[in-house]
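# Commentary on secondary and tertiary structure
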Amino acid sequence: MTLPATHIADDPYRLPRHVTPTRYELRLEPDLDNKTFAGHVTITVIVHEPTSEILLNVADLEVTSAAMTDVRGITEKGAIHLQQERQRCCIRFATTCEAGTWQLILSFNGTLNDKLRGFYRSTYKDSTGVNHVLAATQFEATDARRAFPCWDEPNFKAIFAITMVIDPNLTAVSNTAVQSEDSHAGKKVLRFADTIKMSTYLVAFVVGNLEATDPVMVGPTPLRLWTVPGKRHLASFGQDIARFSLSFLSNYYGIPYPGDKLDLIAIPDFASGAMENLGAITFRESALLLDRGRATRAELERVADVVSHENAHMWFGDLVTMSWWNGLWLNEAFATFMEILVVDVWKPEWERWTAFGVSRAAALSVDGLHSTRPIEYPVHAPKDAEAMFDVLTYEKGAAVLRMLEQYIGPAVFRQGVRDYLHHHAYANADTKDLWLSLGRAARQDIDGLLNAWVFAPGYPLLTASLNGPSDLVISQQRFTYLPKPIGDDGQAHDADQQWHIPIHINISTGHRTESRTLLLTQRETSLSLPNDWTSVLLNEGGHGFYRVHYAPVLMDRLLKSGVQRFGPIDRFNFVNDAWASTLALMMSPADYLSLTSHFTMERDHNVWAALLNSFSTLHHILESSDRPLFEHFMRNRLREVVDTLGWSPRPDESDLIKQLRGDLIRALGTLGNAEETQQRAIHDYDLERATPGLVDPNVLSALISISAFTGDEARYNEFVERFHSAATPQEERHYLYALAAFKARPLLRRTLEKTMTNEIRTQDAPFLLLALLNNVYGREDAWQFIKQNWDYLDRTFPKNGLRRMCGGIVALTTPELEQDVRAFFTSRNIDLGGQTLAQYLERLHLLVTFRERTLPVIRTALGKEKRFPHHAD
Ligand code: BES
Ligand code: ZN
């Protein structure tokens, strides 16, 4: 939705539109040694109404001169007034600039910062241990203004002509191909070709001693990967998926790739996973580079995902851009949807849409809170724009798109997408524009279907019950974990919310099974079942963004008929919905625990992820004295399946089974604390160290976790050393996170301390603290540490990392800790942007409430678990 113009005019964070830019001639000269840069920009602007004032964004730059030149070449100097708070500057002229085309000329200086945003420094050591510096950019959402003065809002699209003046022994990469290379005053001067008309947040330049792969041609487009020296050999897998996805996407969209070349650049310090700068996509190293023979299945998928996601943005986001940050989902939900579509075609054996169930579940979990927000949500301050990059924008958004695609059909959906891109190329668009295009393709009005999913918070819970012997009744009502807080009687009562819900139902009788599709538009819908029905499953295929709750009879029938005959996504949703019902106190934890006994021979890694996720939450809320009982329960659930899978891959086994083996061994050795599993793990780990390559990478990753879990100081020191000498970004990550997986508090303290030293990059440190908050042996120390060092962490870590780290407070599940957490965030007046903090606190409250209500029941249920007699403890 476009904000009404009056709102924009009132918004202290928005720029007026009486002057708009069309072209930036930007010249930058970074000094990597002195951490500074000097810049000069000539901006062609159109003055729409005569004015003596121009307002544009600037942050942390010193603007040293400003002038306006008219078409005749007459120049007038302007006075520069910084408005620091509002991150902008006002240039005032003595005379009025008439309507027409002008050139605004600005000179400025800045610092290459270490905050991983704007124009920043990244460092790395070469193979001989010598330190090197490179400079890179990260502008989304609102940090282009930290590199050059500009109209830093997505709907001021313009052409960028960039010149970089650099040391002759360095290279620079930017959005477009190099047009000319000269030398001037001992410097290398690289001029890049004009970009397409695009938003400021997509501008990028990287300067350093970089190595490129040979280009591969994708149609007319040369595609290369860039790394710091010595890592180019890790680029081939990324290049393969980049090439496949670029070609697949241009076919899907029916529009050629909009750039003149495509470079994918791995940056040693990078705040997020990757960034879709047109033609110059930047990545953190672990999201682009890997050794395909030594990476786990999950790591291969991660690189394939991220590369496909960013490539998908070249159209969705770069060619067509949301008008404002409230519509960010038009970028991110689409890129996420396309990422999965691409990877699913590339490697069908990975069953990517099933794995999307895990992401959908993460969105359902946040969207079940009262403090959730609609997908499209008002944004004013930069902080609120940053907070939009969350599971609601990405995963709920992508899930809603998938639900729609499955409802109107993939071909019709694609036609709508093409129509939308075609109509808004080189411009901006809003959600209503997407509705129009999709509606045109589907030949129906889809606003009624879609609005509630995008403009309203939450989602429905479908309750399935029986009326008489064979009438199925499905009713809808908003799902929330907790009842509405007392005292909050906001107008739109949750219970009144309603959705149009496309659903697939599977009905089985003794001898056959049928699937029905319908659109629920009422609060309650009845449906007659065949007389000899045996079971009913809702949300078959798992595309719906809702939960299902079965009345006891229906639940019973499902379990009796054997859940294993349904697809993995159905089993996943079955477990995940049951667990959500449990947390919402609609199902007894005892029933849930007994339900999980139907899955001991489960073979899908996603279903196991749902089970393990619920078990690990239980682990968090139990007292330490309950642990032996819990560990026993874990061994009951896991031992049989681990025994059948064995410890090494069998010939012609799928990649997914390889991953599952690693996941389950890890769980058995840590959550299950199974002694002989631990002994074998340590033994095999030491063997692998002596003869590298013996152990499957998926299992090796579990061995590292278990060795840390059982490890002493010697092991800790060994892992610190392995972290520093790792051969790949993935290996480095395994050992880094292992440092948060020990049990001994003094060792975990050492890890805490490392997060404040330059031993660990600020791109990783907040995530390591998050892991420490999740470690039941270290969470209280981690929390104390974060409180004590808050000012330092706040100053030092990238903002998105800090926000994610704070998500770890949901693991502090005792009433006392919850109190302490609330008191801390309130007394320090901490705002994480948008609804972020409110969501963390509500989730924590939900878990503490659940614990207070159910701990005795859980204890009894765990106590009743029978042992498998053939297994000793
Ligand atoms: N546009 C984002 C990068 C970004 C994230 C910029 C947050 C500013 C703030 C990019 O396209 C993205 O979504 N990256 C993801 C990875 C992706 C595969 C989901 C990321 O960085 O985690
Ligand atoms: Zn994205």
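The structure displayed is predicted, hence computed values, not measured ones.

So, on to the overall build of the protein. The secondary structure content of the protein amounts to 27 helices and 30 strands. Since a compact globule built from 873 residues should have a radius of gyration of about 29 Å, the 28 Å found for the protein is in line with a globular shape. When the backbone C-alpha atoms are referred to their principal axes, the protein occupies close to 90 × 65 × 55 Å. Here the protein, with 873 residues, has 61% of them falling under the buried criterion. Sequence-distant contacts, at least 24 apart, represent 71% of the contacts inside the protein between residues at least 6 apart.

What follows covers the sheet that holds strand E6 (residues 79-83). Read across the sheet, three strands follow the order E3-E7-E6 without closing on themselves; strand pairing throughout is antiparallel. The open sheet is flanked by strand E3 (51-57) and E6, the only strands paired with a single partner. Neighbouring strand axes in the sheet, compared pairwise and without regard to direction, differ in orientation by 25 degrees on average. Pairing of E3 with strand E7 (residues 88-97) involves six bridges; the strand directions are antiparallel. Bridge pairing in E7 places Glu53 opposite Arg92.

Moving on to the domain arrangement of the protein. By a widely used convention, the size of an interface equals the accessible area lost when the partners come together. When the domains of the protein are assigned, the result is domain 1 (5-209), domain 2 (227-315) and domain 3 (316-459). Across the boundary between the two partners, domain 1 contributes 17 residues, which contact 21 residues of domain 3. Summing the contributions of domain 1 and of domain 3, the shared interface buries around 1,600 Å²; its carbon and sulfur component is 59%. It is Tyr13, Pro154 and Lys157 that lose the most area in domain 1 upon contact with domain 3, and together they represent 30% of the buried surface on that side. Taken together, the connections running from domain 1 to domain 3 amount to zero salt bridges. The tally of links from domain 1 across to domain 3 stands at eight residue pairs in polar contact (both at pLDDT 80 or more). Per-class residue counts for the side of domain 1 that touches domain 3 are six nonpolar, four polar and seven charged.

Below, the discussion takes up helix H5 (residues 352-367). Over its 16 residues, H5 extends 23 Å from the first C-alpha to the last, a length consistent with the 22 Å expected when each residue adds 1.5 Å. Among the 16 residues that make up H5, 14 are buried, leaving the element largely enclosed by the rest of the structure.

What the four strands build is an open sheet, ordered E28-E25-E24-E30; its pairing is mixed. The open sheet has two free edges, formed respectively by strand E28 (524-528) and strand E30 (547-550), since each of these has just one partner strand. Across the sheet, the mean angle from the axis of one strand to that of its neighbour is 25 degrees, orientation sign disregarded.

This next bit is on the pattern of salt bridges. Side chains carrying opposite charge are able to pair once their charged atoms draw close together. Per the stated rule, a full pass over the model turns up 55 salt bridges. With a shortest N-O distance of 3.0 Å, Lys560 and Asp556 are connected by a salt bridge. One end of the pair is Lys560 and the other is Asp556, both in helix H11 (residues 552-561) and four residues apart, which spans about a single turn. Exposure remark for Lys560: the relative accessible area of 69% places this residue in the exposed category. Residues participating in the shared-partner salt-bridge network are Arg297, Glu301, Asp305, Glu339 and Arg352.

Take the pairing of strand E25 (residues 471-478) next. Where strand E24 (residues 460-467) meets E25, eight bridges bridge the pair, whose relative direction is antiparallel. Residue pairing across strands places Leu466 opposite Leu472, the latter belonging to E25. Between E24 and the antiparallel strand that follows it, E25, lie three residues; Gly468 among them carries a positive phi value of about 75 degrees.

Quick look at the coordination of the zinc ion (ligand 2) now. Protein coordination at the zinc ion (ligand 2) comes from His309 (NE2), His313 (NE2) and Glu332 (OE), with a distance range of 1.9 to 2.1 Å. Positions of the donor residues of the zinc ion (ligand 2) along the chain correspond to the pattern H-x3-H-x18-E. Residue His309 and its partner His313 are both found in helix H3 (residues 297-313); the two are separated by four residues, about one turn of the helix. Across the pair, His313 and His309 agree in class, each one buried.

As a further point, take empty space enclosed by the protein. Evaluated as defined, the whole model comprises six cavities of 30 Å³ or more. What the largest cavity holds in volume is close to 130 Å³. In this structure, the largest cavity is lined by 14 residues; those nearest its centre are Val548, Tyr550, Asn573, Phe574 and Asp577. At the level of elements, strand E29 (533-538), E30 and helix H12 (568-583) are the ones that each hand at least two residues to the lining of the largest cavity.

Attention now moves to the site of ligand 1. The environment of ligand 1 is formed by 15 residues, the closest being Glu140, Gly273, Glu276, Glu310 and Tyr394. Here a nitrogen atom of ligand 1 and a side-chain polar atom of Glu140 are 2.7 Å apart. At 3.3 Å from an oxygen atom of ligand 1 is found a main-chain nitrogen or oxygen belonging to Ala274. Surface burial for ligand 1 is 84%, taken as the share of its 510 Å² of free accessible area covered by protein chains. No other element matches H3, which puts four residues into the shell around ligand 1. Grouping the amino acids of the shell around ligand 1 by side-chain chemistry returns five nonpolar, five polar and five charged. When residues are assigned to domains, the shell around ligand 1 turns out to be shared by domain 2 (227-315) and domain 3 (316-459), each giving three or more.

With an omega of 0 degrees, the peptide bond running from Glu140 to Ala141 counts as cis. One non-glycine residue, Glu351, lies in the positive phi region at around 45 degrees. Position of Glu351 relative to the elements: it lies in the loop between helix H4 (329-346) and H5. Classification of Glu351 by relative accessible area gives partly exposed; the value is 33%. Of note, the phi angle at Leu585 is positive, near 60 degrees, even though the residue is not glycine. Tracing the chain through its elements places Leu585 in the loop between H12 and helix H13 (589-595).

Rules used in this analysis
Residues numbered from 1 in each chain as written. Chains lettered and ligands numbered in written order. Predicted model: local features only at pLDDT ≥ 70, side-chain atom pairs only at ≥ 80, totals over all residues. Heavy atoms only, no water. Helix = DSSP H or I, 4+ residues; strand = E, 2+ residues; numbered from the N terminus. Rg over C-alpha atoms; globule rule 2.2 N^0.38 Å. Buried < 20%, exposed > 50% of the residue type's maximum accessible area, 1.4 Å probe, protein only. Contact = heavy atoms within 4.5 Å. Pairing = 2+ DSSP bridges. Axes fitted to C-alpha atoms, helices over the stretch in contact; angles between N-to-C directions. Domains from an automatic or database assignment. Buried area = accessible area lost by both parts, 1.4 Å probe. Salt bridge = Lys/Arg side-chain N within 4 Å of Asp/Glu carboxyl O. Polar contact = N/O pair within 3.5 Å; in protein donor to acceptor, adjacent residues only side chain to side chain. Nonpolar A, V, L, I, M, F, W, Y, C, P; charged D, E, K, R; others polar. Expected span 1.5 Å × (residues − 1). Donors = N, O, S within 2.8 Å, 3.2 Å for Na, K, Ca; no water. 1 Å grid on protein atoms, 1.4 Å probe; cavity = no way out; pocket = protein on both sides within 12 Å on 5 of 7 lines; lining within 4 Å. Points joined across faces, edges and corners; volume = space filled by probe spheres on them. Near = heavy atom within 4 Å. Areas by Shrake-Rupley, 256 points an atom, 1.4 Å probe, with all protein chains shown as cover.

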